[in-house]
Structure formats: structure tokens, C-alpha cells
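# Structural overview
Each chain is listed here by its residues.
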There are 2 protein chains.
Amino acid sequence: MAGLSSRSAVAIHALAMLAHRRGGPLTSTEIADSLDSNPVLVRRILGHLRDAHLIWSTEGRGGGWSLARSPRDITLYDAYAAVEEGQVFSRHTHPPSRACEVGRNIGDLLDAEFRSAERALEEQLGRTTIADLLQRILASDGEPRIH
Amino acid sequence: MAGLSSRSAVAIHALAMLAHRRGGPLTSTEIADSLDSNPVLVRRILGHLRDAHLIWSTEGRGGGWSLARSPRDITLYDAYAAVEEGQVFSRHTHPPSRACEVGRNIGDLLDAEFRSAERALEEQLGRTTIADLLQRILASDGEPRIH
DNA sequence: CTGACTGTAACTGAGCCAGTTACAGTTAAG
DNA sequence: CTTAACTGTAACTGGCTCAGTTACAGTCAG
């Protein structure tokens, strides 16, 4: 089962498409078609990427979405951080009993352990850029230039 | 918002209590009291820890739960792996379009990136043992031996 | 045989998520 | 100025997972 939403996957996919279409904008419908998803869903996620200054959009006819930075300056962590809110781990819904020596003190320590584990995950995501990913995508494509 | 369930937190809390009660068994009701939670919920989670051979249980009167290993041989990763099934990240629910050069090839690459990020999280969790955690819990307790 | 336990099935209510419909606002092209 | 192609958002749906609970069968000690 899945912990986080699939928004990170959608965001990274969209960023890779925008990097592929160097400079030129894409519409939410074009991106949704590649994802086999829905334009509204895509716009919601791209809205978060825009709020994080990774991309920008223009309205009206001929509008669409474009990268705001070089693909070399956007990591998978940037995409993850823009669309996934909150923490990976959940804590107790009720605070533990203060009558128990363990329950009284475990809270902060557990939070610290979980945060450091999440930080390790985030640092690993930060090691790959959209440019890296796109390069590998194109390299793994047997017959180039079909679409 | 939370990605994973709070089962890891409950499992680690329970393991720390069992380590604290060196050798002697605890009942699901005692553990649930410290968690301010429910005995049935605790038994469900402890059942997973037993399936992973971290603890064992005895039924009937005077029964309960005990550690099956030294707290130094149980890491936070062991608890996490026993109770959290599946992956942290979700992928697209529909497979991406095969007509798009990006969509056609991003799947496996994204899976590999996500798996390596999860592995970093898991390795970090594996660096702390229940014995480490319990020691810090007891150290941070101002007045020892209340419970 | 009674009471203290584990083990499980079944149900509930809450929250999150992907997906969709609907519609208001914006812009370029004719 | 009208139309069509877009973004931007609100509102709703159905499905899923989760924590929490009730209920009850099985096990074991005294």
C-alpha cells in the first residue's frame, strides 16, 4: 500500500515533459493525455509547482505551462516538497500516558528519529535532477523521435 | 498530513516498554494504557511484530507479550518493516501514455528513484536500536522510578 | 469452573485521494 | 466584439485506509 499520494509522480512526470519541450509551453490537457489523467487534476498539481516557483503559467488562448528554471536546477526533492504536504510518519493520535516512564518521554525522541529518517529520504531525492532524469528517459528510448 | 500509518509509532513504543520490563511479559491492556489506546489495536500490531519474530506471546491467564531478542538486536527499521506494508510512494494509477516519449519510459526510472529514496529512509531507521532509544528515554526522565 | 488473557472477525466514522462536472476569468485570433 | 482555447477553482463523488470499538471463540492458571 502507498503512504504518500501519487502527486509526486505526476509532478515529476510533468516537469520531465516540460524539460523535454525545451522552453515551449504545454497545456494541462497535453500533460494529462500523457499521464492518462485529467486536466483539472494536472492543473491542481502544477499550481503547487508554480507556487514553489518551479514553473509559470499564462492564461487564455495559447497559454500553458513552462519551466521557470533550468532542469539542472530542479531536483526530485523540489517536486516532492512542492506537492506533498506534511510528514511521512504519523504519530499517536492521543498523547501517550504521562504515568508511564516510557510513554512520558518517548514522544520527542520518536519525532526526532522519524524526522531524521525523512531527511535521509529527502536528501536522496535531492541527488537527482529533472535534467538527469530526462537524459535517462531519452537514453532508454529505443527508437527516438516517434512523437 | 501523514503518509504512513501510526502503526510504526505504536510498535516502537510497545517494544520500548517491553525492553524496559526486562524479560517479564506485558499484557495488551497494560501497553494500551500507556498508549492511551485500545487493547485490540495493540494486539493487532503486536501480532505483526510476533510474525516478524521480534516478540512472542503466551495465551491464557498470566499470559502476555515478551521480547524474543535483545533490544540491541532490534532496530526501528525492524519495527517499521514488520507493521508497514507496501511502499512510501504511490505511482500513477493508470499507466502513462505509450504515445509520449516521456510517458513511455519514465515508469521504471521513477520506480528506481523512489525505491532508492525509501532505502535511504530505511537505512536511517536501521541505525537506531530499541536499546539506544530506551537508554535515551530513561536519560531524559528527570525523576527516575515513578512507575 | 472461573477469570485473565490472546486471537480475530465485523462494523463504524472520519479523513484523504483521484477523478469529474461545472463555471468564472483571461487572452489571442478572426 | 465574438468566439474558442486556455487557466483557475469550487463542489461533489466513490473508493480506500485507518483508528477505534464491540463481540465472541479459544487458551490456560488457580
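Residues numbered from 1 in each chain as written. Chains lettered and ligands numbered in written order. Predicted model: local features only at pLDDT ≥ 70, side-chain atom pairs only at ≥ 80, totals over all residues. Heavy atoms only, no water.

Counting its regular elements, chain A contains six helices and two strands. Walking chain A from its N terminus toward its C terminus, one meets helices and strands in the order α-α-α-β-β-α-α-α. For a compact globule of 147 residues, the expected C-alpha radius of gyration is about 15 Å, and chain A comes in at 19 Å, more than 25% above that figure. With respect to the three principal axes, the spread of C-alpha positions in chain A is 65 × 35 × 30 Å. For chain A, with 147 residues in total, the buried portion stands at 49%. Here the analysis covers contacts within chain A between residues at least 6 apart in sequence; of these, 60% occur between residues at least 24 apart. Accessible surface, chain A as shown: approximately 7400 Å² in total, 47% of it carbon and sulfur. In chain A, 17 positive and 19 negative side-chain charges are present, and the distance between their average locations comes to 3 Å. (Helix = DSSP H or I, 4+ residues; strand = E, 2+ residues; numbered from the N terminus. Rg over C-alpha atoms; globule rule 2.2 N^0.38 Å. Buried < 20%, exposed > 50% of the residue type's maximum accessible area, 1.4 Å probe, protein only. Contact = heavy atoms within 4.5 Å. Areas by Shrake-Rupley, 256 points an atom, 1.4 Å probe, with all protein chains shown as cover. Lys, Arg positive; Asp, Glu negative; His and termini not counted. Charge placed at Lys NZ, Arg CZ, Asp CG, Glu CD.)

Next up on the list: the pairing of strand β1 (residues 55-58) of chain A. All names here are of chain A. Strand direction decides the pairing type here: β1 and strand β2 (residues 64-67), joined by four bridges, are antiparallel. In the sheet register, Ile55 faces β2, and the bridge partner there is Leu67. Taking the residues that link successive antiparallel strands as the turn, the β1-β2 hairpin has five residues, and the phi of Gly60 there is positive, at about 80 degrees. (Pairing = 2+ DSSP bridges.)

Across the contact, 62 residues belong to chain A and 62 residues belong to chain B. Counting the surface lost from both chain A and chain B, the interface buries some 5400 Å², and carbon and sulfur atoms represent 63% of this. Considering only the surface of chain A that becomes buried against chain B, A:Glu101, A:Val102 and A:Glu113 emerge as the three largest contributors, covering 12% of it. Between A:Arg136 and B:Glu113 there is a salt bridge, with the nearest N and O atoms lying 3.0 Å from each other. The interface formed by chain A and chain B holds 14 residue pairs in polar contact (both at pLDDT 80 or more) in total. Listing elements by their share of the side of chain A that touches chain B, those giving two or more residues are α1 (7-20), α2 (28-35), α4 (76-83), α5 (101-125) and α6 (130-139) of chain A. The element contributing the most residues to the side of chain A that touches chain B is α5(A), with 17 residues. Here the side of chain A that touches chain B is built from residues that sort into 31 nonpolar, 20 polar and eleven charged. (Buried area = accessible area lost by both parts, 1.4 Å probe. Salt bridge = Lys/Arg side-chain N within 4 Å of Asp/Glu carboxyl O. Polar contact = N/O pair within 3.5 Å; in protein donor to acceptor, adjacent residues only side chain to side chain. Nonpolar A, V, L, I, M, F, W, Y, C, P; charged D, E, K, R; others polar.)

This part takes up the pattern of salt bridges. Residue and element names in this part refer to chain A. On inspection of all chains with the given rule, the structure shows eight salt bridges over all chains. For the salt bridge of Arg50 with Asp51, the shortest nitrogen-to-oxygen distance reads 4.0 Å. The exposure class assigned to Arg50 is partly exposed, which follows from its relative accessible area of 34%. On the basis of relative accessible area, Asp51 is assigned to the exposed category, the value being 53%. We note a salt bridge from Arg69 to Asp78, for which the minimum N-O separation is 3.9 Å. According to the relative accessible area criterion, Arg69 is partly exposed, its value standing at 34%.

The next subject is α6(A). Inspection of α6(A) places A:Ile130, A:Leu133, A:Leu134 and A:Ile137 among the buried residues, and these make up the whole buried set. In an axial view of α6(A), the angular spread of the buried residues amounts to 95 degrees, which keeps them on one side of the axis. Set apart from the buried face of α6(A) by more than 90 degrees, the exposed residues are A:Gln135 and A:Ala139. Of the surrounding elements, those touching the buried residues of α6(A) are α1 and α4 of chain A together with α5 (101-125) of chain B. (Arc of directions from axis to C-beta.)

This part takes up the packing of α1(A) against α4(A). All names here are of chain A. Relative orientation of the contacting elements α1 and α4 amounts to 130 degrees, with a least axis distance of 9 Å. Considered as vectors, α1 and α4 are oriented oblique to each other. Regarding α1 and α4, the two cross each other, and that crossing is right-handed. Residues Arg7, Ser8, Ala11, Ile12 and Leu15 of α1 form the contact with α4, whose own contacting residues are Leu76, Ala79, Tyr80 and Val83. For the contact of α1 with α4, the per-class residue count stands at seven nonpolar, one polar and one charged. (Axes fitted to C-alpha atoms, helices over the stretch in contact; angles between N-to-C directions. Parallel < 35°, antiparallel > 145°, perpendicular 65-115°, else oblique. Left-handed = near helix turned anticlockwise from the far one by under 90°.)

Moving on to the relation of the copies chain A and chain B. Here two copies of a chain appear, and what relates them is a rotation about an axis with a shift along it. Here chain A sits on chain B after a turn of 180 degrees about the axis and a move of 0.0 Å along it, with an RMSD of 0.0 Å. Here the two chains are linked by the operation of a two-fold rotation axis. Most of the interface of chain A is mirrored in chain B, where 100% of its interface residues again form contacts. (Least-squares fit on C-alpha atoms with pLDDT ≥ 70 in both.)

This part takes up the side chain of B:Glu84. All names here are of chain B. The topology assignment puts Glu84 in the loop between α4 (76-83) and α5. Of the side chains with opposite charge, Arg7 comes closest to the buried, unpaired Glu84, at an N-O distance of 4.0 Å. Polar contacts involving the side chain of Glu84 include one to the side chain of Ser8, which spans 3.1 Å.

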